Amino acid sequence: YKDVRKLTKEERNAFKKLPWSDKKYAKSLGVKKLYGEKGFTTLERLWARPTLECNGIWGGFTGEGTKTVLPAKASAKISMRLVPDQKSAKIAKLFEKHIKKIAPKTVKVSVSNLHGGEAAITPIDSPGVQAAVAALEKGFNKKPLYQREGGSIPIVVDFKQILGLDTVLLGFGLPDENAHAPNEFLNLDNFYSGMRTVAHFFNELPNYLKKR
């Protein structure tokens, strides 16, 4: 956590303006209570703090029925969502070091780092974001609110490192539209408003670049 960039006061205030209910979110997940890092709201934990997930775990006899088989080997797949200023190679080494430290001395531990990606963030006050805000307001006839959601788009980091440019990602899908699923769909009102927004964005961007 030493390298984790802290949330600014402006970002935390922006999160508080969003319509949100911990109770409804817990119900949608099928759990009775939410749990997470102390000192942060659910949205801050979801969007701005590091995560560690066990995606799958297996070992021994897992078929139907009973059997008194003791597994000689067990495996797990772990993923971690990193945030700005963390480095994937460093975090992978820290994870491996910690797992080997807490493992019993009678157990042999092997950790394979499959792949990693660096985190990126576009500042709220950047010309691109300000142009996007103006475009969204014209496209949807409503003033947008800010969020800081995580995603996996590695080329965004390359654009920043190689070209020195911030990336603006304009998405128009809703959380319940089953993104990447076989039955993914898009609300038509958002589809048409999104097209208007993109057109406005290209008109607005030169104006904000001049102010830079």
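Provided above is the structure to which this section pertains.
Here the structure is a predicted model, which means the values were calculated and not measured.

About the thresholds
Residues numbered from 1 in each chain as written. Predicted model: local features only at pLDDT ≥ 70, side-chain atom pairs only at ≥ 80, totals over all residues. Heavy atoms only, no water. 1 Å grid on protein atoms, 1.4 Å probe; cavity = no way out; pocket = protein on both sides within 12 Å on 5 of 7 lines; lining within 4 Å. Points joined across faces, edges and corners; volume = space filled by probe spheres on them. Helix = DSSP H or I, 4+ residues; strand = E, 2+ residues; numbered from the N terminus. Nonpolar A, V, L, I, M, F, W, Y, C, P; charged D, E, K, R; others polar. Phe/Tyr/Trp six-rings, centres within 6.5 Å; stacked < 30°, edge-to-face > 60°. Buried < 20%, exposed > 50% of the residue type's maximum accessible area, 1.4 Å probe, protein only. Lys NZ or Arg CZ within 6 Å of the ring centre and 35° of its normal. Core = buried A, V, L, I, M, F, W, Y, C linked by side-chain atoms within 4.5 Å. Contact = heavy atoms within 4.5 Å. Arc of directions from axis to C-beta. Patch = residues over 30% accessible without salt bridge, like charges linked within 9 Å, V, L, I, M, F, W, Y side chains within 5 Å. Areas by Shrake-Rupley, 256 points an atom, 1.4 Å probe, with all protein chains shown as cover. Salt bridge = Lys/Arg side-chain N within 4 Å of Asp/Glu carboxyl O. Lys, Arg positive; Asp, Glu negative; His and termini not counted. Polar contact = N/O pair within 3.5 Å; in protein donor to acceptor, adjacent residues only side chain to side chain.

Caption draft 1: Fine view of the layout of surface pockets. Volume-wise, the second largest pocket comes out at about 590 Å³. Together, 20 residues line the second largest pocket, and Tyr1, Pro50, Leu52, Met80 and Gln86 are the ones closest to its centre. Among the elements that make up the lining of the second largest pocket, the one with the highest residue count is helix H4 (residues 88–102) (six residues). Here the lining of the second largest pocket is built from residues that sort into 10 nonpolar, three polar and seven charged.

Caption draft 2: Structural context of the packing of aromatic side chains. Inspection of the entire model under this criterion finds five aromatic pairs. Ring centres of Phe15 and Trp47 lie 5.4 Å apart, and the angle between their planes is 80 degrees; on these two criteria the pair is classed as edge-to-face. Here the residue Phe15 occupies a position in helix H1 (residues 9–16), and Trp47 occupies one in helix H3 (residues 42–48), the gap between them amounting to 32 residues. Here the two residues Phe15 and Trp47 agree in accessibility, since each one is buried. Plain terms: the ring middles of Trp20 and Tyr25 are 4.9 Å apart, the flat faces sit at 45 degrees to each other, and that makes the pair tilted. Above the ring of Phe61, the side-chain terminus of Lys67 is found at 5.4 Å from the ring centroid.

Caption draft 3: Spotlight on the environment of Thr62. With respect to the secondary-structure elements, Thr62 resides in the loop between strand E1 (51–59) and strand E2 (74–81). Residue Thr62 is classed as exposed on the basis of its relative accessible area, which comes to 64%. For the pair Thr62 and Phe201, spaced 139 residues apart in the sequence, the C-alpha separation amounts to 54 Å.

Caption draft 4: Region of the structure containing the nonpolar core. The biggest cluster of nonpolar side chains holds six residues, and these are Leu7, Phe15, Leu18, Leu43, Trp47 and Ala48. No other element matches H3, which puts three residues into this core. Excluding its chain neighbours within four sequence positions, the residues that come into contact with Leu18 are Leu43, Trp47, Leu145, Tyr146 and Gln147.

Caption draft 5: Geometry of H1. Within H1, burial applies to Glu11, Ala14 and Phe15. Buried residues along H1 cover an arc of 100 degrees about the axis, so they all sit on one side. Residues Lys9, Glu10 and Lys16 are exposed on H1 and point more than 90 degrees away from its buried face. Looking at the packing, one finds that the buried side of H1 touches H3.

Caption draft 6: Up close: the environment of Ala120. Relative to the helices and strands, Ala120 is located in the loop between H4 and helix H5 (127–140). What makes Ala120 partly exposed here is its relative accessible area of 43%. Sequence separation between Ala120 and Ala26 is 94 residues, and the spatial gap between their C-alpha atoms is 28 Å. In this structure, Ala120 is in contact with Pro84, Val156 and Val157, ignoring residues within four places of it in sequence.

Caption draft 7: Summary view of a nonpolar patch on the surface. Taken together, the side chains of Ile153, Ile155, Phe159, Ile162, Leu163, Leu165 and Leu169 define a hydrophobic patch exposed on the protein surface, amounting to about 710 Å² of accessible area. Along the chain, Leu163 turns up in helix H6 (residues 155–163).

Caption draft 8: Focus on unusual backbone geometry. Notably, Asp85 is not glycine yet its phi reads approximately 85 degrees, a positive angle. Along the chain, the position of Asp85 falls in the loop between E2 and H4.

Caption draft 9: Representation of the side chain of Arg45 within the structure. Along the chain, the position of Arg45 falls in helix H3. Of the side chains bearing the opposite charge, Asp22 lies closest to the buried Arg45, which forms no salt bridge; the N-O distance is 5.6 Å. Polar side-chain contacts of Arg45 include one of 3.5 Å to the backbone oxygen of Glu37.

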